[in-house]
Amino acid sequence: MTLELYHHGSSTCAAKVRFALAEKELPWTSHYVDILRGEQFDPEFLALNPKAVVPVLVHNGTVIVESTVICEYVEEVFRAKPIYPSAPLERARVRVWTKAVDEDLHPACSAITYVVSHRHTILRSGVGSFEDFVARGAGDGMAARTLKWQWIQLGLEAPGAADKIRLYDAYLHKMEQALADSEWLVGGRFSMADVAMAPYVNRLAALAMTTLWERGRLPRVEQWFERVRARPAFRPAFVEWLPAELAQEMRANGERSWPAIAALLGIPAPSAV
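J.: Give a description of the environment of Ile35 that names residues and reports values.
T.: With respect to the element layout, Ile35 can be found in the loop between strand S2 (29-32) and helix H2 (43-48). The contact partners of Ile35, leaving out residues within four places of it in the chain, are His8, Ser10, Gln40 and Val54.

What follows is the structure in structure tokens.
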């Protein structure tokens, strides 16, 4: 049986799937899709996923889309080294986290990533006119493309950007509460809940915003992230697929934006560590 993954180094959804595959020790073939250069709009990729987003998993020729669905599919097909709990109640609690990621945290992450960093990369490559931008991603719908255009053009001043940043911070506080009685988010053992949240905490670290939980602000989140990064699956899932040049650019852009974000959240630290 063969697993092929279409992915990108900076995609949190793709990182989630890579993390799950690594935890389950499943080999896969890489198809790298440079979403910052618009390769997701190539006809070959659109034939796999008309939504023009990564990741896409192809298992023995069968296409599976949506990162959480992919992780559930992999768990059900490959039973060894489970990442979902066996108890129904704990599985339900895991799915509360994965649902929150899909519905709330991922849109917030997209916003903060674009307004802080990706906008600079895209503008440097050339975004064209608004009409061209909308037409290229017509499958997203006018509202979604208009919002993304505002992120690219206006950065932190884009409508709703501040609300997304506050929502992101609220989820860090929810994690802090959930970790009060356990090292992991659900049931005292590493699970899909941790797999799902790891890319979004790691994204903040990549943007030089670890002060959001360090310096005593959210100590349980800080310790949780240290445990996540110590797992053997972390490096192949996150570090090895993020190009060094992009990682450096994201960090530099994050450091530049941090004072405004710290002021928005009422954090006294003048700069990120």
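J.: Describe in detail the state of the cysteines, supporting the description with residues and values.
T.: As enumerated under the stated definition, the model contains 0 disulfides in all. Just so you know, Cys13 is unpaired, no disulfide at all, and the nearest cysteine sulfur is the one on Cys109, 8.3 Å from it. Looking at Cys71, it has no disulfide partner, and the nearest cysteine sulfur is the one in Cys13, 9.4 Å off. According to the relative accessible area criterion, Cys71 is buried, its value standing at 2%.

J.: Let's hear about the pairing of strand S1 (residues 3-7): which residues, and what values?
T.: Of all 5 residues in S1, 4 are buried; the element is thus mostly enclosed. In terms of strand pairing, S1 meets strand S3 (residues 56-59) through 4 bridges, oriented antiparallel. Directly across from Tyr6, in S3, lies its bridge partner Val56. With 4 bridges connecting them, S1 and S2 associate as parallel partners. By the bridge assignment, His7 is partnered in S2 with Tyr32. You can see the chain leave S1, run along helix H1 (residues 12-23) and come back into S2, and the turn it takes is right-handed.

J.: How would you sum up the nonpolar core? Please name residues and give values.
T.: Formed by 76 residues in total, the largest nonpolar core has its most connected members in Trp213 and Trp224. Among the elements that take part in this core, helix H4 (residues 88-125) stands out by supplying 13 residues, more than any other. Residues Phe45, Val54, Val56 and Val58 belong to the second largest nonpolar core, which totals 6 residues.

J.: Can you explain the packing of helix H7 (residues 161-178) against helix H11 (residues 244-265)? Please cite residues and give values.
T.: Packing of H7 against H11 brings their axes to within 10 Å, and their N-to-C directions diverge by 70°. What the angle tells us is that H7 and H11 run roughly perpendicular. For the pair H7 and H11, contact is made by Ala162, Ile165, Arg166 and Asp169 and by Ile261, Leu264 and Leu265, respectively. For the contact of H7 with H11, the per-class residue count stands at 5 nonpolar, no polar and 2 charged.

J.: Go over unusual backbone geometry, please, and point to the residues and values.
T.: Between Val54 and the following residue, Pro55, the backbone shows a cis peptide bond with an omega angle of 5°. Along the chain, Pro55 turns up in the loop between H2 and S3. Look at Glu25: it is not a glycine, yet its phi comes out positive at around 55°. Its location among the elements puts Glu25 in the loop between H1 and S2. The class of Glu25 is exposed, set by a relative accessible area of 57%.

Analysis parameters
Residues numbered from 1 in each chain as written. Predicted model: local features only at pLDDT ≥ 70, side-chain atom pairs only at ≥ 80, totals over all residues. Heavy atoms only, no water. Helix = DSSP H or I, 4+ residues; strand = E, 2+ residues; numbered from the N terminus. Contact = heavy atoms within 4.5 Å. Disulfide = S-S within 2.5 Å. Buried < 20%, exposed > 50% of the residue type's maximum accessible area, 1.4 Å probe, protein only. Pairing = 2+ DSSP bridges. Right-handed = clockwise from strand over helix to strand, strands pointing away. Core = buried A, V, L, I, M, F, W, Y, C linked by side-chain atoms within 4.5 Å. Axes fitted to C-alpha atoms, helices over the stretch in contact; angles between N-to-C directions. Parallel < 35°, antiparallel > 145°, perpendicular 65-115°, else oblique. Nonpolar A, V, L, I, M, F, W, Y, C, P; charged D, E, K, R; others polar.

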